[in-house]
Amino acid sequence: MTENAPTAPVSPHETERVRLAVYRGFAGTGSAPSVPELSALTALAPDRVRQELRTLHTRHDLVLDPQDEDQIVMAHPFASVPLGFSVMGTRTLWWGGCAWDSFALPHLLKDEPDVLVATRCPACDTPHAWVVGRKAPPKGDQVAHFLTPMSRAWDDVVHTCGNQRLFCSTECVDTWLHKTGHDRGYVMDLPTLWRFASDWYTGRLDAGYVRRDPAAAAYYFAEVGLHGSFWGLPD
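An unreviewed UniProt entry lists the chain under the name Organomercurial lyase, from Streptomyces solicathayae.

Set out below in structure tokens:
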């Protein structure tokens, strides 16, 4: 990677051009676009693209590799590294960043009425797959376990996402917690996970998208049926 270019005032317009190029690149190909690809797509110089990527990283619009800031690790709900889930559409295969993101993809990708989400239970390695669409949650008795409370999600967001997993049952969650020594996080069933994922990323592929502020996020969490201090909500 090149040395940092002399900093110039960040242009909101240029930042948004890079953000859209990243998200639409992930959506169309399943892969993170490179700095040269982003430069060609946005008509910005490579070092300017790098500056805008760092701005987007700081804003939590994407996650850069700390060892190589030319590499995009995540642009939620997309990931460029395997974190436990594959998501297959009619023509494209994506890495799902977590249970939440994997179930969100068909809601965001309007050309995909449904996708095949596949994973393995972290406790017993049993394979699981669901056809996830926009009309109704998939059937199944499996549960999602989220390890890290939302107030600490961005302390290490890749670790956070890598530990939002789907298990065969609450018994498998307990087995995994005992094996790993982790404290119990938050468990939800598939219908709750589907509702949670359904509208969280709406508009993220559109120009002018603005992330929810903490108050709006808390309202959304409560609206889809979450509760408790894990989500910054009353018990």
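There's more to say after this.
A. Quick peek at the overall build of the chain. Scanning the chain from terminus to terminus reveals 8 helices and 10 strands. Whereas a compact globule of 235 residues would reach a radius of gyration of roughly 18 Å, the chain reaches 18 Å, a difference of no more than 12%. Projecting the C-alpha coordinates of the chain onto the three principal axes gives extents of approximately 55 × 35 × 30 Å. Taking the intrachain contacts of the chain between residues at least 6 apart in sequence as the baseline, contacts between residues at least 24 apart amount to 61%. Accessible surface, the chain as shown: approximately 11400 Å² in total, 54% of it carbon and sulfur. Counting 21 positive and 28 negative side-chain charges, the chain places the averaged centre of each group 4 Å from the other.

B. Representation of the sheet that holds strand β1 (residues 63-65) in the model. Judged by pairing direction, the sheet is antiparallel, and its 7 strands sit side by side in the order β1-β2-β3-β5-β4-β6-β7 without closing on themselves. Because the sheet does not close on itself, it has two edges, and the strands there are β1 and β7 (127-133). Taken together, the 2 bridges between strand β2 (residues 68-75) and strand β3 (residues 78-79) define a ladder with antiparallel strand orientation. Across the sheet, the residue bridging to A75 is F78, located in β3.

C. Local environment of the state of the cysteines. Counting across every chain of the model gives 0 disulfides. With no disulfide of its own, C121 lies closest to C168 among cysteine sulfurs, the gap being 3.7 Å. Lacking any disulfide linkage, C168 is separated from the closest cysteine sulfur, that of C124, by 3.5 Å.

D. Looking closely at the packing of helix α1 (residues 12-29) against helix α2 (residues 35-42). For the pair α1 and α2, the least separation of the axes is 10 Å and the interaxial angle reads 120 degrees. When the axis of α1 is compared with that of α2, the two are oblique. As for how α1 packs across α2, the hand of that crossing is right-handed. Two secondary-structure elements touch here, α1 through R17, V18, A21 and V22 and α2 through L38, L41 and T42.

E. Looking closely at the nonpolar core. Counting residues in hydrophobic clusters, the biggest one holds 62 residues, and the most contacted among them are L53, F78, F103, F196, F221 and W231. Apart from residues lying up to four places away in sequence, F103 is in contact with V117, W130, V132, P138, L166, L190, L193, W194 and A197. Of all hydrophobic cores here, the second largest spans 8 residues; its members include C121, V143, V173 and W176.

F. Looking closely at the pattern of salt bridges. Applying the stated criterion across every chain, the model contains 8 salt bridges. Taking the shortest distance from any N to any O, the salt bridge between R50 and D47 comes out at 2.7 Å. With R50 and D47 both in helix α3 (residues 46-58) and 3 residues apart, the pair spans about one turn of that helix. The salt bridge involving D61 is made with R59; its shortest N-O contact spans 2.8 Å. Here the residues in one salt-bridge network are E14, R48 and E52, joined through shared partners.

G. Summary view of the environment of F78. On the secondary structure map, F78 appears in strand β3. Given a relative accessible area of 0%, F78 falls into the buried group. Placed 27 residues apart in sequence, F78 and L105 show a C-alpha to C-alpha distance of 8.2 Å. In this structure, F78 is in contact with Y23, F26, A27, W94, W95, L105, L108, L109 and L205, ignoring residues within four places of it in sequence.

H. Highlighting a nonpolar patch on the surface. Judged by side-chain polarity, M88, L93, L116 and V131 come together as a nonpolar surface patch covering roughly 360 Å² of accessible area. Topologically, L116 is positioned in strand β6 (residues 114-120).

I. Local environment of the pairing of β2. Alignment of β1 against β2, held across 3 bridges, turns out to be antiparallel. Residue D65 lies in a different strand from β2, and its bridge partner there is D68. Between β1 and β2, which pair antiparallel one after the other, the connecting turn spans 2 residues. The antiparallel hairpin formed by β2 and β3 contains 2 residues in its connecting segment.

Rules and cut-offs
- Residues numbered from 1 in each chain as written.
- Predicted model: local features only at pLDDT ≥ 70, side-chain atom pairs only at ≥ 80, totals over all residues.
- Heavy atoms only, no water.
- Helix = DSSP H or I, 4+ residues; strand = E, 2+ residues; numbered from the N terminus.
- Rg over C-alpha atoms; globule rule 2.2 N^0.38 Å.
- Contact = heavy atoms within 4.5 Å.
- Areas by Shrake-Rupley, 256 points an atom, 1.4 Å probe, with all protein chains shown as cover.
- Lys, Arg positive; Asp, Glu negative; His and termini not counted.
- Charge placed at Lys NZ, Arg CZ, Asp CG, Glu CD.
- Pairing = 2+ DSSP bridges.
- Disulfide = S-S within 2.5 Å.
- Axes fitted to C-alpha atoms, helices over the stretch in contact; angles between N-to-C directions.
- Parallel < 35°, antiparallel > 145°, perpendicular 65-115°, else oblique.
- Left-handed = near helix turned anticlockwise from the far one by under 90°.
- Core = buried A, V, L, I, M, F, W, Y, C linked by side-chain atoms within 4.5 Å.
- Buried < 20%, exposed > 50% of the residue type's maximum accessible area, 1.4 Å probe, protein only.
- Salt bridge = Lys/Arg side-chain N within 4 Å of Asp/Glu carboxyl O.
- Patch = residues over 30% accessible without salt bridge, like charges linked within 9 Å, V, L, I, M, F, W, Y side chains within 5 Å.

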